[in-house]
Amino acid sequence: WRSRKGAPYSTLLPSDEVTINYRHGLPVITLMLPTRSERCQFTVKPVVTTVGAFLQDVQREDKGIESAEVFATDGSKVSDSTLMEVLLMNDFKLVINSTVYSVSPPAKDKLSSEHATEMEDIKSLVHRLFVALHLEDHQIRKERELLQKLDHLKEELLPLEQVKARIMDSADAKTSRLLWVGLALMSTQGGALAWLTWWVYSWDIMEPVTYFITYGSAVAFYAYFVLTKQDYIYPHAKDRQFLHYFYRKSKKQHFNVERYNKLRDDLAEAEESLRRLRQPLHLRLPIQEIKDKD
């Protein structure tokens, strides 16, 4: 039997130096502490305790132990994260300082299928009880966190909302002025064509002029479609012009539109999470506490 570095260990002791017995369903490992020269018992919880935790308990009990390791029978080292339940399924070697203990765990009677089913039912019941007892506290704590997050987001959004309102008013005013200017130009054009047709020239002269004006308008609308990939519909064109003025004004006033949108999305997400959380929460809270929240 050799160490990981290839050097042989000085002592190989029989398995009776380390004994394992089951007491109240838990394995009790009894071994001789090397420097204290006395036997000590260690009760482990197989499904919770790891090999590393067991070795640390042994070293804490005997300060003279410099190293403690566990190896499989083929010489491979057992990881410290391995559960004791897995380790106790097979024989293994316990190495304390330079002493090797050969350990053979006793065979544990397997649970019957009915008893195993009962144990699973008990575990499920304990889990449900734990959830029932702690779910309300968790929900109340989560609600407080969401309320604090909402207050923080609203504080950040307040100055941005004020700046946005001013920018939107300015962009809306410019868009409205543009619409009125367009109406004025169209009215002026119609009046000029009527004056040229009835008082200056005749319809025979003005007909080609109106044709080319109509054709020019069709070309302008088609150019709008080519540039924007949208039909020239008056509400859409108005919204597009409004956004143009809005972003240009935002750039001048250093208004971060992306940050504002991100805060609005976070606020909406927090409000939705709070709404979903309060549905089961109102079913579990005492009546007085619900009234206080309302």
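Residues numbered from 1 in each chain as written. Predicted model: local features only at pLDDT ≥ 70, side-chain atom pairs only at ≥ 80, totals over all residues. Heavy atoms only, no water.

With an unreviewed UniProt entry as reference, the chain is termed Calcium uniporter protein, source organism Grallaria varia. For the record of the chain, the UniProt heading Sequence similarities (unreviewed entry) holds the text "Belongs to the MCU (TC 1.A.77) family." (UniProt positions renumbered as here; feature names shortened; annotations may be inferred.)

1. A look at helix H4 (residues 203-228)
With 26 residues, H4 extends 37 Å between its outermost C-alpha atoms, agreeing within 8% with the 38 Å of an ideal straight helix rising 1.5 Å per residue. Burial in H4 covers these residues: Met206, Thr210, Tyr224 and Thr228. Trailing H4 by a residue or two, Lys229 shows a phi angle of about 60°, which is positive. (Helix = DSSP H or I, 4+ residues; strand = E, 2+ residues; numbered from the N terminus. Expected span 1.5 Å × (residues − 1). Buried < 20%, exposed > 50% of the residue type's maximum accessible area, 1.4 Å probe, protein only.)

2. Things to note about the nonpolar core
Membership of the largest hydrophobic core comes to 24 residues, with the highest contact counts inside it found for Leu31, Phe54, Val70, Phe92 and Leu94. Residue contributions to this core peak at four residues, all from helix H1 (residues 51-61). Once you skip the residues sitting within four places of it in the chain, Phe92 turns out to touch Ile20, Val70, Phe71, Thr73, Leu87, Tyr101, Ser102, Val103 and Pro105. Counting 19 residues, the second-largest nonpolar core is a separate cluster that includes Val163, Ala171, Tyr260 and Leu277. (Core = buried A, V, L, I, M, F, W, Y, C linked by side-chain atoms within 4.5 Å. Contact = heavy atoms within 4.5 Å.)

3. A look at the UniProt feature "transmembrane region" (unreviewed entry) in the chain
Under the UniProt annotation, the feature "transmembrane region" (unreviewed entry) is placed at residues 178-197 and 209-227. As annotated, residues 178-197 comprises 100% helix and 0% strand, and the C-alpha atoms at either end are separated by 28 Å. Annotated as 100% helix and 0% strand, the span residues 209-227 places its first and last C-alpha atoms 27 Å apart.

4. Regarding the packing of aromatic side chains
All told, the structure shown has eight aromatic pairs when counted by the stated rule. Relative to Phe54, the ring of Phe42 has its centre 6.0 Å away and its plane inclined at 85°; by these criteria the two rings are edge-to-face. Highlighted residues: Phe42 in strand S4 (residues 38-43) and Phe54 in helix H1, separated in sequence by 12 residues. Taking the centre distance of 6.4 Å and the plane angle of 80° together, the rings of Phe246 and Phe255 count as edge-to-face. A residue is classified by how much of its surface remains accessible, and Phe246, at 9% relative accessible area, is buried. For Phe255, a relative accessible area of 7% gives the class buried. (Phe/Tyr/Trp six-rings, centres within 6.5 Å; stacked < 30°, edge-to-face > 60°.)

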